[in-house]
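# Secondary and tertiary structure notes
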Amino acid sequence: MQKNLLIKIVFFLFFVIPANSEIIKGIAEVVDGDTLKIDNKKIRLHGIDAPEMKQLCQRTFLSIFIFSFNKNYKCGEISKKKLQGYTKDYNIKCKVEGIDRYNRILGTCYKNKININSRMVRLGYAVAYKKYSKKYLSAEREARREELGLWKGTFDMPWDWRKNVKK
């Protein structure tokens, strides 16, 4: 009986209670729509994916009766600008979540107490990176429903765009 209790306690301590995560904080430089740099440390925003800098998306610029006219726009650049506008001159705090397969720091970043990762998805300038996290799915559903940001038009998911560019 005591052995089972000890095993449960050890399991709880190692797997349920999070270890003290490293915190990186300071004024952030924006690399792109899902990457910040603080004190020369690049932090990839965990659980989200933003359009690449060279990625083009489409949105309607004119509708007449049943006709719609679309235009391409640089959605990766817009995503970066939105993140820059939100983080500019603020002390940003990032909780390190881990390291990815490219040896990049993964983090959840905050402006005051607002989760920046979630905000980028909720406003439609990034999408939930479902392959790695389900955390931002509801924020993505809301942005899609309200046709915010990327959801105003059509676009390739960033992971699909990257895969197609490499071919």
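Placed above this text is the structure.
Source: prediction; values computed, not measured.

Criteria and cut-off values
- Residues numbered from 1 in each chain as written.
- Predicted model: local features only at pLDDT ≥ 70, side-chain atom pairs only at ≥ 80, totals over all residues.
- Heavy atoms only, no water.
- Disulfide = S-S within 2.5 Å.
- Helix = DSSP H or I, 4+ residues; strand = E, 2+ residues; numbered from the N terminus.
- Buried < 20%, exposed > 50% of the residue type's maximum accessible area, 1.4 Å probe, protein only.
- Polar contact = N/O pair within 3.5 Å; in protein donor to acceptor, adjacent residues only side chain to side chain.
- Contact = heavy atoms within 4.5 Å.
- Arc of directions from axis to C-beta.

Turning next to the state of the cysteines. If you walk through the whole model with that rule in mind, you get two disulfides. Through a disulfide, Cys57 is tied to Cys75; the S-S separation comes to 2.0 Å. Judged by the sign of its S-S torsion, about 65°, the cystine formed by Cys57 and Cys75 is right-handed. Of this pair, Cys57 sits in strand S6 (residues 57-64) while Cys75 sits in helix H2 (residues 75-87), and the two are 18 residues apart along the sequence. Comparing Cys57 with Cys75 shows no difference in burial state: the two are buried. Here Cys94 is linked by a disulfide to Cys109, with a sulfur-sulfur distance of 2.1 Å. Of note, the bridge from Cys94 to Cys109 carries an S-S torsion of about 110° and is right-handed in sense. With a gap of 15 residues between them, Cys94 in strand S8 (residues 91-99) and Cys109 in strand S9 (residues 105-111) connect regions that are remote in the sequence. Residue classification places Cys94 among the buried positions, given a relative accessible area of 1%. Across the protein, the way the bonded cysteines pair up, counted in sequence order, is 1-2, 3-4.

Now for unusual backbone geometry. The residue Asn103 is not glycine, and still its phi comes out positive at about 65°. Turning to its location among the elements, Asn103 is positioned in the loop between S8 and S9. Positive phi, normally seen in glycine, also occurs at Asn112, with a value near 55°. For Asn112, the location among the structural elements is in the loop between S9 and strand S10 (114-115).

Structurally, Ser133 is set in the loop between strand S11 (127-128) and helix H4 (137-145). A relative accessible area of 10% means that Ser133 is categorised as buried. Here Lys135 takes part through its backbone nitrogen, which lies 3.1 Å from a polar atom of the side chain of Ser133. Setting aside its immediate chain neighbours within four residues, Ser133 contacts His46 and Gly47.

Looking at H4, one finds that the buried residues are Ala139, Glu140 and Ala143. Seen from one end, H4 has its buried residues packed into an arc of 100°, which puts them on one side. Seen from the buried face of H4, the exposed residues on the opposite side, beyond 90 degrees, are Arg141 and Arg145. Those residues of H4 hidden inside the fold are in contact with helix H3 (116-122) and S11. Glu147 occupies a position one or two residues after H4 and carries a positive phi of about 50°.

Without other data, these values stay purely geometric and don't point to any function.
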